[in-house]
Amino acid sequence: MTKVKVELVDVYCQDTEDVTGADDFYLVGGLVGGAITKGILTTPIKINDKQKKFFKPGQTVLFEGEIPQGQSIKGGLKAYDEDAAKDWAKYGQTVQEITNAISGALAVVSPPEAVAETILSVATKGVGILNSINKDDLLGATELEISFTEPSHEERAWKMSKKQDSRSWSSWDYTLNYRIIRS
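Each residue is numbered by its place in its chain's sequence as written, counting from 1. The model is predicted, so local features are restricted to residues of pLDDT at least 70 and side-chain atom pairs to those at 80 or more, both for listing and for counting; the totals for chains, interfaces and linings are taken over all residues. As a rule here, side-chain values cover all heavy atoms of the structure and leave hydrogens and water aside.

1. Notes on the overall build of the chain
In this text, helices come from DSSP runs of H or I with a minimum length of four residues, and strands from runs of E with a minimum of two, each type numbered from the N-terminal end. Counting its regular elements, the chain contains two helices and 10 strands. Along the chain, helices (α) and strands (β) appear in the sequence β-β-β-β-β-β-β-α-α-β-β-β when read from the amino end. When accessible area is computed with a 1.4 Å probe and restricted to protein chains, residues below 20% of their type maximum are described as buried, those above 50% as exposed, and intermediate ones as partly exposed. Within the chain, the fraction of its 183 residues that count as buried is 49%. Total accessible area on the chain is roughly 9100 Å²; 51% of this is exposed by carbon and sulfur atoms. The Shrake-Rupley method, run with a 1.4 Å probe sphere, supplies the accessible areas, and residue values consider only the shown protein chains as cover.

2. Here we look at the nonpolar core
In terms of nonpolar packing, the biggest core is built from 29 residues, with Val6, Phe25, Tyr174 and Leu176 touching the most fellow members. Residue contacts for Phe25: discarding those within four places in its chain leaves Val11, Thr43, Pro44, Ile45, Ile47, Phe55, Ala79, Tyr80, Leu139, Met160 and Tyr174. Among buried residues, those of type Ala, Val, Leu, Ile, Met, Phe, Trp, Tyr and Cys that are joined through side-chain atoms within 4.5 Å constitute a nonpolar core. Val32, Trp88, Ile102 and Ala123 belong to the second-largest nonpolar core, a separate cluster that totals 13 residues. Contact between two residues is taken to exist if any of their heavy atoms lie within 4.5 Å; hydrogens are not considered.

3. Overview of the packing of aromatic side chains
For Phe, Tyr and Trp, rings pair up if their centres lie within 6.5 Å, where Trp contributes its six-membered ring, and each pair is then called stacked (planes under 30 degrees apart), edge-to-face (over 60) or tilted (otherwise). Across all of its chains, the model carries three aromatic pairs by this definition. Seen from their ring centres, Tyr26 and Tyr80 are 5.4 Å apart, and the 20° between their planes marks the pair as stacked. Of this pair, Tyr26 sits in strand β2 (residues 23-33) while Tyr80 sits in strand β7 (residues 72-81); the two residues are 54 residues apart in sequence, bridging distant segments of the chain. Judged by relative accessible area, Tyr26 falls into the buried class, the value being 1%. The structure contains a cluster of three or more aromatic residues connected by ring pairs, namely Phe25, Phe55 and Tyr174.

4. Looking at the pattern of salt bridges
Put simply, a salt bridge is a Lys or Arg side-chain nitrogen that is within 4 Å of an Asp or Glu carboxyl oxygen. What the rule picks out here adds up to nine salt bridges. Of the charged contacts, one joins Arg179 and Glu7 as a salt bridge, the two residues approaching to 3.0 Å between their closest N and O atoms. On the criterion of sequence distance, the pair formed by Arg179 in strand β10 (residues 172-182) and Glu7 in strand β1 (residues 2-15) is long-range, its members being 172 residues apart. Under the relative-accessibility criterion, Arg179 is labelled partly exposed at 22%. A relative accessible area of 11% places Glu7 in the buried class. Asp10 is the salt-bridge partner of Lys52, the closest N and O atoms lying 3.9 Å from each other.

5. Observations concerning the environment of Thr149
Looking at the element boundaries, Thr149 is found in the loop between β8 (137-147) and β9 (153-162). Along the chain, Thr149 and Ile67 lie 82 residues apart, while their C-alpha atoms are 9.7 Å from each other.

6. A short note on helix α1 (residues 91-108)
With 18 residues, α1 should reach 26 Å at 1.5 Å per residue; the first-to-last C-alpha distance of 27 Å fits that figure. What α1 keeps buried is the set Thr94, Val95, Ile98, Thr99, Ile102 and Leu106. One side of α1 carries all its buried residues, which in axial view fall inside an arc of 140°. Of the residues in α1, the exposed ones pointing more than 90 degrees away from the buried face are Ala107 and Val108. Each helix should span, by expectation, one fewer than its residue count multiplied by 1.5 Å. Picture the helix axis, draw a direction to every C-beta atom, and the arc is the one those directions span.

Next up, the structure:
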C-alpha cells in the first residue's frame, strides 16, 4: 500500500470571468481510491486579475489515504465563478452529501470500473442543493487519475481559460496548482 495525499496549493487568476471585477472562485468534485471516497467543495475565494490566492486551511486536502498496489485515485474537479447566492452555512452537510452521492453511485458499479467522468458527474449534482435560480459560470472541468506510483512529491497545474469571441463577451484565464505526495 502507498499513502497518497492530494492537496491544493493555490489558484492564480490572469483574467477574471466577470468583466466588472473580482470572481468568486470555488471547486466541486470528488476523488475515489482504495477504500476512500472524498467529496470536494471549497468555499468561494474572491479573486481578481493578476492575483494568486490560497484556499482555506481546512479545505486544501482533496484526498488522503492508502492506495493498494495496482490501483489509482480517480475523479475530477470543476471550477466555478459563483454568481448565485448560496447558503454556505450548509458547507459541511453539502460535502457529506457529495461524498454519499459518489459512494451510492459506486455501489452500483464496482470501483475498478468507475471512471473519473462518472465520479465528477455525481459530485457536481450534489452541489445543486446550494444553487438558487441563477447558475454559476463553469470555468473548467478536469478528470483526474492519480497513480499510486511515480515521484514521492509532484506538483501539477490545471489551466483553464476561454478567449473572448463574437458569441460571448466574457473571457477568463486561471491556473490551479496542486501537489501529490506519496509515501
